[in-house]
Structures are given as C-alpha cells and as structure tokens.
Amino acid sequence: MPHWLQLMLESLGPLLWAGLIFTVPLTLLSFAFGLSLGLLVAIVRLFAAAPFVAIARFYVWIFRGTPLLVQLFVIFYGLPSIGILLDAFPAALIGFTLNIGAYTSEIIRAVIASVPRGQWEASYSIGMTWGQAMRRTILPQAGRTAVPPLSNTFISLVKDTSLAAAITVPELFQTAQRIVATTYEPLILYILAALVYLAMSSVLSALQVRLEKRFARFGGFLEARA
C-alpha cells in the first residue's frame, strides 16, 4: 500500500471523530442559536421602536463588517484582559452565534418584508392578533423563501468552523494540524481534511435540494414550471 494512502487511512478515524465530537455540535448549536437571534433581530428591525432598531442595525453592522476570525480572537484572547475568561468551545460558540445571527437576520428580514401586505390585512380581517398573524401566516410563507439562503449559510458554517482551530478548539482542522506536526506530511493531511469537509458539504447540499423540492410542492417554481 502506498505511504500516502496508508497515512490517509490511519488519519481518517481521528479526523472523523473530531468532526463528530466538535465540528458537528459546534455547527448545529451555532446555527440554532444564531437563527433564533437572527429572527429576533429581524423582528426588531422591522417592527420595534427607533432606539431598538438603531441597536439592532449597529449589531448587524459590526458583525457583518468585521472578519469572523477577528471576532473569535476578540472573544477568546481579548475578553480575558477585562476579566472575562471563556473556554475555547464556548468562545467559539458565542462567536459563531453572533456572526450567524447578523447574517441570518438580514435574510429573515428580507423574506418577511417580501410577504405581501395583503397577507397581514387578510389575517387581521379574520380576527388574528399580530402574533397569530406572524406565526400562522407570515412566517410559514417567509420560511419557504428563506430555505435556500439559510441552507447556504448553514453549509458555509460547516466550513467556517475550521477557524475555531485558531482559538484551540480541537475540531477537525486542528486535529489535522496536530497530525501534520507529528508526521510532517501537510499536503496529504490537509487534502484529507478538505475531502472530509467536501463530503459533509455535499451531503448537506443534497439535503438542501430535497428540502427545496419539498417546499416547492406548496407553490412557487415547480408549479410555475408545470
């Protein structure tokens, strides 16, 4: 067996284990918390009073306008200087959550704003409150439109978790770095790590296509094409 293939096979297990223990949880938790934060920020941007809108816009401006790696460094390496100490995984989780929240808030704000005003009026005409109209009429329609961009954000997050290696989270990419430090085979190991990320992204892309088709049954592109 060629040396490079043997090294790949021996290293695949540790990389997959690191992905299962750190990369996958970090991705899922960050996206869940970030999506919830994004929904809150989007609603504030659209419906809250001016001071709250200004705060929400400032938050989005900061986290969309600065690099994610810098944000992680500020949280993990910078906050201890003012007495706030965080372990690597919680620091990464906070950083990714805040970053994803800023990006998803703009997606959610756009899809909510795209729902015709007549849908609000129809909801009010049958006695719904604002909250009922939002839950039962607006968000279901907006959610179908939001599936593609939110799915793309989720897939990008899977790859972005590799940045957590810079703040010592022992996820997939840092595991590859550690193996490189002992084997001195950076090309083979980094290609293997890239292939693992590629496989994960490919699976998620296939799931995205299925999800889009499922939502399209209820109106939109497939009906227009038919």
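Residues numbered from 1 in each chain as written. Predicted model: local features only at pLDDT ≥ 70, side-chain atom pairs only at ≥ 80, totals over all residues. Heavy atoms only, no water.

Details of the layout of surface pockets
So, step 1. One number sums up the size of the largest pocket: a volume of about 380 Å³.
So, step 2. Taken together, 19 residues form the lining of the largest pocket, with Phe31, Leu35, Ala146, Val147 and Leu150 sitting closest to its centre.
So, step 3. Mapped onto the lining of the largest pocket, the elements with two or more residues apiece are α1 (3–47), α4 (88–114), α6 (130–160) and α8 (186–216).
So, step 4. Per element, the largest residue contribution to the lining of the largest pocket is nine residues, and it comes from α6.
So, step 5. For the lining of the largest pocket, the per-class residue count stands at 16 nonpolar, three polar and no charged. (1 Å grid on protein atoms, 1.4 Å probe; cavity = no way out; pocket = protein on both sides within 12 Å on 5 of 7 lines; lining within 4 Å. Points joined across faces, edges and corners; volume = space filled by probe spheres on them. Helix = DSSP H or I, 4+ residues; strand = E, 2+ residues; numbered from the N terminus. Nonpolar A, V, L, I, M, F, W, Y, C, P; charged D, E, K, R; others polar.)

Some words on α6
So, step 1. Relative to the 45 Å expected for 31 residues at 1.5 Å per residue, α6 spans just 37 Å between its end C-alpha atoms, considerably shorter than the ideal helical length.
So, step 2. The axis of α6 is deflected most strongly, by about 50°, at Ala146, and proline Pro148 appears within four residues downstream. (Expected span 1.5 Å × (residues − 1). Bend = angle between axes of the 7 residues up to and from the residue.)

Side note on the packing of aromatic side chains
So, step 1. Following the criterion strictly, the structure yields 11 aromatic pairs and no others.
So, step 2. Measuring from ring centre to ring centre gives 4.9 Å for Phe31 and Phe154, while their planes differ by 75°; the resulting arrangement is edge-to-face. One end of the pair, Phe31, is in helix α1; the other, Phe154, is in helix α6, and 123 residues separate them in sequence. Each of the two residues, Phe31 as well as Phe154, counts as buried.
So, step 3. Linked through ring pairs, Phe47, Trp120, Tyr124 and Trp130 together constitute an aromatic cluster. (Phe/Tyr/Trp six-rings, centres within 6.5 Å; stacked < 30°, edge-to-face > 60°. Buried < 20%, exposed > 50% of the residue type's maximum accessible area, 1.4 Å probe, protein only.)

Quick notes on the confidence of the model for the protein
So, step 1. Averaged over every residue, the pLDDT of the protein is 92; the share at 70 or more is 96%.
So, step 2. Long-range and interchain partners of residues 220–226, a stretch whose pLDDT sits below 50, account for five contacts in this model, where long-range means more than four residues apart. (pLDDT = per-residue confidence, 0-100. Contact = heavy atoms within 4.5 Å.)

Section: the pattern of salt bridges
So, step 1. The full count for this structure, using the stated rule, is four salt bridges.
So, step 2. For Glu106, the salt bridge goes to Arg45, with nearest N and O atoms at 2.9 Å. Of the two residues, Glu106 sits in helix α4 while Arg45 sits in helix α1, which places them 61 residues apart along the sequence. The residues Glu106 and Arg45 share a single accessibility class, namely buried.
So, step 3. The shortest N-O distance in the salt bridge between Arg117 and Glu121 comes to 3.5 Å. Placement of the pair is Arg117 and Glu121 together in helix α5 (residues 117–125), with a separation of four residues, close to one helical turn.
So, step 4. In the salt-bridge network here, residues are joined through shared partners; they are Arg45, Arg64, Glu106 and Arg109. (Salt bridge = Lys/Arg side-chain N within 4 Å of Asp/Glu carboxyl O.)

Observations regarding the packing of α1 against α4
So, step 1. Two elements in contact, α1 and α4, have axes whose closest approach is 5 Å; the angle formed by their N-to-C orientations is 45°. For the element pair α1 / α4, the angle class is oblique. The way α1 lies across α4 gives a crossing that is right-handed. (Axes fitted to C-alpha atoms, helices over the stretch in contact; angles between N-to-C directions. Parallel < 35°, antiparallel > 145°, perpendicular 65-115°, else oblique. Left-handed = near helix turned anticlockwise from the far one by under 90°.)

Side note on unusual backbone geometry
So, step 1. Its identity is not glycine, yet Thr168 carries a phi of approximately 75°, on the positive side.
So, step 2. Within the element layout of this structure, Thr168 appears in the loop between α6 and α7 (172–183).
So, step 3. The exposure class assigned to Thr168 is partly exposed, which follows from its relative accessible area of 40%.

Some remarks on the nonpolar core
Nonpolar side chains in soluble globular proteins tend to be buried together.
So, step 1. Counting residues in each nonpolar core, the largest one holds 31 residues, and the members touching the most others are Ala92, Phe96 and Ile167.
So, step 2. Of all elements in the fold, only α1, α3 (68–78), α4 and α6 reach the threshold of two or more residues within this core.
So, step 3. A total of 10 residues in this core trace back to one element, the largest contributor, which is α4.
So, step 4. In this view, Phe96 contacts Leu26, Ser30, Leu68, Leu72, Leu157, Asp160, Thr161 and Ala164; residues no more than four positions away in its chain are not counted.
So, step 5. Of all hydrophobic cores here, the second largest spans 13 residues; its members include Leu15, Leu172, Leu192 and Val196. (Core = buried A, V, L, I, M, F, W, Y, C linked by side-chain atoms within 4.5 Å.)

So, the environment of Arg136
So, step 1. The residue Arg136 is located in helix α6 in this model.
So, step 2. The exposure class of Arg136 is exposed, given its relative accessible area of 54%.
So, step 3. A sequence separation of 13 residues divides Arg136 from Ser123, and the C-alpha atoms of the two residues are 8.8 Å apart.

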